[in-house]
Amino acid sequence: MLRSITSSARRLVPQNLIPASFTTLALSASTPKETNPLLFTPQALSPNIDHSPSSIQLENPVNYYKSSQSQRKTSVYSLPFSGSSELYESLASCYRDSGYLNEAKEFHLQILKYGFDEDLFLCNTLIGVYVRAGDLGSARKLFDEMPERNSVSWACLISGYTQNGMSNEACRLFRDMVCAGILPNHYAFGSSLRACQDLESCGLEFGMQIHGLISKSRYASDVVVCNVLISMYGNCLKSTHYARLVFDEILIKNSISWNSIISVYSQRGDAASAFDLFSKMQREGVGFSLKPTEYTFGSLITAACSSSDLGLRLLEQMLPRITKSGFLLDLYVGSALVSGFARSGLVDYARKIFEKMSQRNAVSMNGLMVGLVRQKCGEEAAEVFTEMRNLVDINPDSYVILLSAFAEFSVLEHGRRKGGEIHGYVIRNGLSDSVVAIGNGLINMYAKCGAISYARSVFRFMPNKDSASWNTMISGLDQNECFEDAVMSFCSMRRNGLIPSNFTLISTLSSCASLGCKPRGEQIHVEGMKLGLDLDVSVSNALLALYAATGCLTECQKVFSLMPDHDQVSWNSMVGAFSDLEGSVPEAVKYFLDMMRAGWRLNRITFINILAAVSSLSLSKLGCQIHALAIKYHVVADSAIENALLACYGKCGEMEQCEKIFSRMSERRDEISWNSMISGYIHNELLPNAMNLVWFMMQRGHRLDGFTFATVLSACASIATLECGMEVHACAIRACLESDVVVGSALVDMYSKCGRIDYASRFFSLMPIRNVYSWNSMISSYARHGHGDKALKLFTHMKLDDQLPDHITFVGVLSACSHVGLVNEGFKHFNSMSKVYNLVPRIEHYSCMVDLLGRAGELDKMESFINNMPMKPNVLIWRTVLGACCRANGQKTDLGRKAAGMLFEFEPQNAVNYVLLANMYASGGKWEHVAEARMALRKAAVKKEAGSSWVTMKDGVHVFVAGDKSHPDKDLIYDKLKELNRKMRDAGYVPQTRYALYDLEQENKEELLSYHSEKLAVAFVLTRDSRLPIRIMKNLRVCGDCHDAFKYISKIVDRQIILRDSNRFHHFEDGKCSCGDYW
């Protein structure tokens, strides 16, 4: 053992620092790395001491010296006068065990009075008394004045320094002892090693030097010294290696040896090794009566609590053994058991043990309270404190735990009030200023109770703040969504010279993620790297969350790849990060599979994240596989998992599966469950089912939330069912949600998309609270209905109302400019995005500008604009270009062909691209190219979407296609259509045959135009008796001929016609259209 430990020590310590050339480090906790050769080569060690190991305890070195006097070659000093022998013995026995300062001074006076000031034994005894009295100054002064010292003298003072927490002084004195040529005895070795242990990592190198010296002495196998070595290595090193080497080489181990090594493994959280050693202790101690003590069980309980998987089972197995050994009532073991069971969730067990304990103290009470707080039983924890406060000596930790209990009250306001009472008590007793931990507890309590202003006040007036104070304040600000203040507090902490911990970085990075502030987060990342905290798994997880929240997936991958260790949170963060971005969803699936291959157990967060990814991909088969895994992991009964499955199956079109899951949920259904089902029906165009579920939900007494109403209103808007939308509006009024800003914004959008821009405008003006979504909905509504001037005016009001525009706002503003042809105005707003509002234009804004130029006929400028874009054009932009070329009557066909080529590359199976190309050629009369485009369409084996129009009447929705004769009222419809055609021609209508995109005779073209679906729809409505506005919806863009015809019809029948096509609304009234023929 000595050879292996010494060689290990030499690997850690420079060769010139290892005995016999014995030098050491300056033992200062602030500068542990600075080395000074303070120990010189020792002189010849005094040979007159017996070096044989002794089992006498370290606390009584005087007795050891007294028994050794007979072995010295020199005799005791001559007594000063006759009869002194009895006085000498009387003084030695009287003051040997004294521990009071007045007794020490009295003893000192007696020694001086009777002339014993040069007696080595009595002086050593006096040093011991001064040490026990805590007067190390007097002990050192006496030591320095002694004409002769032996190893006991040195050991007494070294031990005194160690016992009184003066570890540096103890180590320096040990150095001086060796330099003086005195061979330390095992008391000096033990005390100096304990001093190194107290210095932790700062004392490690000096402790290893002492170990090297021990290995060259007869104390190398001394069990007392080896036991201290085990404790020293266990306390100073993260590894258990050196402590285990010392333990394994002890020939005859006592119970302290076993307890020491078990304690080392317990402190490291290695429960398996700790219990394995316990088993060996019992096997090897059969003949030596090595029975476990209270310290053995205390360490084992600590080890069991550190095991997340087997901790509770180990505690339950230990309980009978502890009971049998008679330690259940022991204060130390009982307190550990109470804390262990309470922390493991078995609060009833903990309470029973607590009540059985014959003696209880603040430690046992605190352990029970901590367990109750962890189980969210704040009220019960406060009751325990109230019952025990007069029975035990309350310590500061008790108040800290009590304050944390108030944050777990079922009603936080009640907890805050109780916390305020304790706050007043600790102020009156001066505890809040004198004990920093109590101030930290107050900050934590107020922050968790939502009273962040009180937490700020406590923090501001704290006279002394430590790192925990700053951490608690920053964490509280983050939890209370004061994200900017949290980041600023972090900066203040650094300016005050405090080093942040991993907890500081986690909270600050969380605030940066919530703010979407990547630059500040990167600065903190760099600071964490400088401090070496970026390798902490929790800090790395916070960095993953930051970069995921700011859309920086590349940085996420870099952080993840550089992490030395991953935990479950790390993998879940990566799966969640890639699930949130549609284009990166396959990566989410990849990380999910890698997580499984790495052997990590999937939890509810994993399934929620991966199901969100599968929903985006609409992969029903993969969704079924994930569902099967959830069943395997026994998490499928979790309502959050079931809600995620509902959303996944709904987006994958598997509504039957949704209905099965929903029916099994029964009492577990919550608002998310109902909303997921409603959203699923709407996504799969089953609006009647969605509405039925809404009515059923209301009949069952479930309160509809704003999200439910917003979802249903969005569905009504998508298919323009005004009546249904108005019914939902009425329900929202009854549910007192009409003033909800989310519902209000959805109502504005619904009325707009259903053609009632007047209702939308009126409702918007009555909204008590508006947010950016409300303004965006109204601006987009005006733009969609061709009221560009109103949209721009509203945008001005929005800015005057101190509401900053966002990216969506500018989509509406630029669309408004496009619909009314305000080219210069559009460019002004486009440029203001980056220059005024610090918003980087996105691809949708560039698409709006391309559309603006295309509608204005500025095709050359449009081409130049596209060539100068900072990003590559997408499908929407190329389709806009091709549409603009269609309206150019054969001009810029080269640009149109280029756009078509790009579209065929991006979307070869989209029939719209082929139709637009054919329309472009047809508008220029190039019929041979039209035929080629249509042949390409057939070769691509894609089906063109048929143009259709529909109207909603009292008896349902009526759908029409061009030339449709399937309607029951077809005769009436065609008769009405002939009547309208005759009246229109009389009024001056001339069919625009250029919109008949076929190479036919003029008469055939006119007939083809007269039977377009929108004309059939308006003719059908006119067969009914009504004076209400005619509302027609069309799935494609209205053709120019139908647009002209509707102007004539509106004047002939004196009815308003509102037509919604795929691009916008047209309001026809008295022979005019709201678009001003600019569309």
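Residues numbered from 1 in each chain as written. Predicted model: local features only at pLDDT ≥ 70, side-chain atom pairs only at ≥ 80, totals over all residues. Heavy atoms only, no water.

**Focus on the packing of aromatic side chains**
Next, step 1: Applying the stated criterion across every chain yields a total of 34 aromatic pairs.
Next, step 2: Look at Phe 247 and Trp 258: their rings are 5.0 Å apart centre to centre, the planes differ by 75°, and that puts the pair in the edge-to-face class. With Phe 247 in helix H12 (residues 241–248) and Trp 258 in helix H13 (residues 255–267), this residue pair connects regions lying 11 residues apart in the sequence.
Next, step 3: Of the residues examined, Phe 247 reaches a relative accessible area of 2% and is grouped as buried.
Next, step 4: Seen from their ring centres, Tyr 446 and Tyr 454 are 5.4 Å apart, and the 90° between their planes marks the pair as edge-to-face. (Phe/Tyr/Trp six-rings, centres within 6.5 Å; stacked < 30°, edge-to-face > 60°. Helix = DSSP H or I, 4+ residues; strand = E, 2+ residues; numbered from the N terminus. Buried < 20%, exposed > 50% of the residue type's maximum accessible area, 1.4 Å probe, protein only.)

**A word on the packing of helix H38 (residues 671–683) against helix H40 (residues 706–718)**
Next, step 1: It is at 10 Å that the axes of H38 and H40 come closest, and there the two elements cross at 5°. In this view, H38 runs roughly parallel relative to H40, as classed from their interaxial angle. Seen from H38, the contacting residues are Asn 675, Ile 678, Ser 679 and Ile 682; seen from H40, they are Phe 707, Thr 708, Thr 711, Val 712 and Ala 715. (Axes fitted to C-alpha atoms, helices over the stretch in contact; angles between N-to-C directions. Parallel < 35°, antiparallel > 145°, perpendicular 65-115°, else oblique. Contact = heavy atoms within 4.5 Å.)

**Some remarks on the side chain of Ser 540**
Next, step 1: Within the fold, Ser 540 resides in helix H30 (residues 537–549).
Next, step 2: Its relative accessible area of 2% is what places Ser 540 among the buried residues.
Next, step 3: Discounting residues that sit within four places of it in the chain, Ser 540 has contacts with Asp 534, Leu 535, Val 559 and Met 563.

**Things to note about the packing of helix H7 (residues 151–163) against helix H8 (residues 167–179)**
Next, step 1: Across the interface, H7 lies against H8 with an axial gap of 7 Å and an inter-helix angle of 165°. Here H7 lies roughly antiparallel to H8, going by the angle between them. As H7 runs across H8, the sense of the crossing is left-handed. Contact residues: H7 offers Ser 151, Trp 154, Leu 157, Ile 158, Tyr 161 and Thr 162, while H8 offers Ser 167, Glu 169, Ala 170, Leu 173, Phe 174, Asp 176 and Met 177.
Next, step 2: Residue composition of the contact of H7 with H8, grouped by class: eight nonpolar, three polar and two charged. (Left-handed = near helix turned anticlockwise from the far one by under 90°. Nonpolar A, V, L, I, M, F, W, Y, C, P; charged D, E, K, R; others polar.)

**Concerning helix H9 (residues 186–199)**
Next, step 1: Look at H9: 20 Å from first C-alpha to last across 14 residues, which is about the 20 Å you get at 1.5 Å a residue.
Next, step 2: Among the 14 residues of H9, 12 are classified as buried, and the element is accordingly described as predominantly covered.
Next, step 3: Of all the positions in H9, only His 186, Tyr 187, Ala 188, Phe 189, Gly 190, Ser 191, Ser 192, Leu 193, Ala 195, Cys 196, Gln 197 and Leu 199 are classed as buried.
Next, step 4: For H9, the capping residue at the N-terminal end is Asn 185, with a side-chain oxygen 3.1 Å from the backbone nitrogen of Tyr 187.
Next, step 5: Positive backbone phi, approximately 55°, marks Glu 200, located one or two places after H9. (Expected span 1.5 Å × (residues − 1). Polar contact = N/O pair within 3.5 Å; in protein donor to acceptor, adjacent residues only side chain to side chain.)

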